[in-house]
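# A closer look at the structure
What follows is each chain in one-letter form.
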Amino acid sequence: MNTSSFSALPLSPAFLDTIASLGYASMTPIQAACLPAVLDGRDLIAQAKTGSGKTAAFGIGVLNKLNPRFFAIQALVLCPTRELADQVAKELRRLARFADNVKILTLCGGVAMGPQIGSLEHGAHIIVGTPGRLRDHLGRRTLDLSHVETLVLDEADRMVDMGFFEDIENIMRALPRKRQTLLFSATYPDTIRQHAGTFLRNPLEIKIEARHGNEKIEQRFYMIEAEARNQAVIDVLNHFTPESTLAFCNTKIHCRELTEALQARGISALALYGDLEQRDRDEILVRFANRSASVLVATDVAARGLDIHSLDLVLNVDVARDQEVHVHRIGRSGRGDEKGLAVTLCADADKKWVKLIEAYQESPAHWYERSEWRSNGLPKPPMVTLIIHGGRKDKLRPGDIVGAFTNDGGLNGDQVGKINVFDHVSFVGLERSVANKTLLRLDGRIKGRQFKMRLIEE
Ligand code: ADP
Ligand code: MG
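To start, this report covers the structure provided alongside it. Here the structure is a predicted model, which is why all the values come from computation and not from measurement.

What follows deals with the pairing of strand E13 (residues 340-346). Within E13, 7 of the 7 residues are buried, which leaves the element mostly enclosed by the surrounding structure. By the alternation rule, side chains of E13 split into Gly340, Ala342, Thr344 and Cys346 and Leu341, Val343 and Leu345, which are all buried. Direction of pairing for strand E12 (residues 313-316) relative to E13: parallel, over a ladder of 4 bridges. In the sheet register, Asn316 faces E13, and the bridge partner there is Thr344.

Now the structure itself:
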């Protein structure tokens, strides 16, 4: 038997069927490394890059242990942001299909406490939440964590970066001592290392090599003048003409400034940084993921952990000051099995950082000449985003939206892109060339009801 096959794990046939139905043919390296220990009840500290399948690495363990007939919170998963918590809850719900009635509840900031308290009174088996909001619930005594058997710290380094360390310590005090603790982190910063002893019992340490083989990602380095950095970004986009680019800046200020410079040149760019309102973050991520924005300009903290796939280009506008961060950035490029492209812009003052990267990746940087850049012209993104003022709470479902556009709107299936339904709003990606016409035809009607809707201006 293949050792990386899920069937090598002591899981029920129903659970294995569910895993197979998700299209997971074999374990990812981090899953193969973690799951035997997780299922054995051990604590662990695991390091692996984004997109390596960490959620199932702990999720399968959490669900396997869970008793759905016992109505108490049996597992707690802490995540740094609401969208990560939503992603984790979604993956857990998919994995939980084999069992009946596993209640998974997210508790995050940015929404009212009242309904959350109501949901808690109905009972939940697994809580996925952000440390700040969980602290608030504990303060109000609306959350009973005394039956928690598994604690998961997902993206622990980022929670520490965001100043959640004290909240996490407080939450841990509300948990039983005897429990399993699983800590996942992209990097392993000192704050966590220092406290690992008090958080975990004899943890197994797992690190899946973050280095990428050169065969998977083509890296091109260019020397530029520091003052002309933003112009160089425009030149790179016009030369490589990528449909989707994730551009990294080292600061929030630069992030915003570059986004404005790109927008001023007619390039559809959005900025993602730490302290955006949750609603704005949601909208930005939706628009980038549904292919109606060409460039997402982000800081590392804001972009880490996001489930963004299918990038044509990762652009290091500023060179990362940390070699592991560089490797995480470039690891996001590439679509499926296609080779990725990562471009790094380096001014004189950045050379020292490139040296560190070379040492870390154990291969020299490949330098290219700016003179190769041609002005091919970056096409507009293929889609445009429609916002509908109606969502889950209005009983609007993705199927209703597709139905409206394909029946009344006159579109065929592939002219309707990604659909994201939130509580009160929904977003739909529409093929740019037909968007206006279909909106006129639809005239705001979905399933016989009238909704306010408009295309989001760029
Ligand atoms: P991470 O938390 O490490 O960033 P995720 O848990 O979000 O990664 O998983 C990334 C993607 O890989 C998700 O879309 C998930 O559904 C998928 N995935 C996870 N495990 C497997 C597997 N064994 N085979 C195929 N796809 C998987
Ligand atoms: Mg994750």
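This part is about the sheet that holds strand E1 (residues 44-47). With respect to topology, 7 strands assemble into an open sheet ordered E3-E4-E2-E5-E6-E1-E7, the strand pairing being parallel. The open sheet terminates on both sides in strands that have one partner only, identified here as strand E3 (104-107) and strand E7 (204-207). The average angle at which neighbouring strand axes cross in this sheet is 15 degrees, direction not considered.

Neither face of strand E5 (residues 150-153) is exposed, since Thr150 and Val152 on one face and Leu151 and Leu153 on the opposite face are all buried. Across 4 bridges, strand E2 (residues 75-78) lies against E5 in parallel orientation. Within E5, the position partnered with Leu76 by the bridge is Leu151.

What follows is about the site of ligand 1. Around ligand 1, the structure places 15 residues, and the nearest of them are Tyr24, Ser26, Gln31, Gly51 and Thr55. The side chain of Tyr24 places a nitrogen or oxygen atom 2.4 Å from an oxygen atom of ligand 1. Here an oxygen atom of ligand 1 sits 2.5 Å away from a polar atom, N or O, in the side chain of Thr55. In the complex, the protein chains occlude 80% of the 560 Å² of accessible area that ligand 1 would expose alone. For the shell around ligand 1, the class distribution of residues is 2 nonpolar, 8 polar and 5 charged.

Across soluble globular proteins, nonpolar side chains show a tendency to be buried alongside one another. Counting residues in hydrophobic clusters, the biggest one holds 46 residues, and the most contacted among them are Leu262, Leu272, Leu296, Leu315 and Leu345. By residue number, the principal contributor to this core is helix H10 (residues 229-240), which donates 5 residues. When sequence neighbours within four positions are dropped, the list of residues in contact with Leu262 reads Val233, Ile234, Leu237, Ile267, Ala269, Val295 and Val297. Within the second largest apolar cluster, 42 residues are counted, among which are Leu11, Ile19, Ala46 and Ile126.

Procedures and definitions
- Residues numbered from 1 in each chain as written.
- Chains lettered and ligands numbered in written order.
- Predicted model: local features only at pLDDT ≥ 70, side-chain atom pairs only at ≥ 80, totals over all residues.
- Heavy atoms only, no water.
- Buried < 20%, exposed > 50% of the residue type's maximum accessible area, 1.4 Å probe, protein only.
- Helix = DSSP H or I, 4+ residues; strand = E, 2+ residues; numbered from the N terminus.
- Pairing = 2+ DSSP bridges.
- Axes fitted to C-alpha atoms, helices over the stretch in contact; angles between N-to-C directions.
- Near = heavy atom within 4 Å.
- Polar contact = N/O pair within 3.5 Å; in protein donor to acceptor, adjacent residues only side chain to side chain.
- Areas by Shrake-Rupley, 256 points an atom, 1.4 Å probe, with all protein chains shown as cover.
- Nonpolar A, V, L, I, M, F, W, Y, C, P; charged D, E, K, R; others polar.
- Core = buried A, V, L, I, M, F, W, Y, C linked by side-chain atoms within 4.5 Å.
- Contact = heavy atoms within 4.5 Å.

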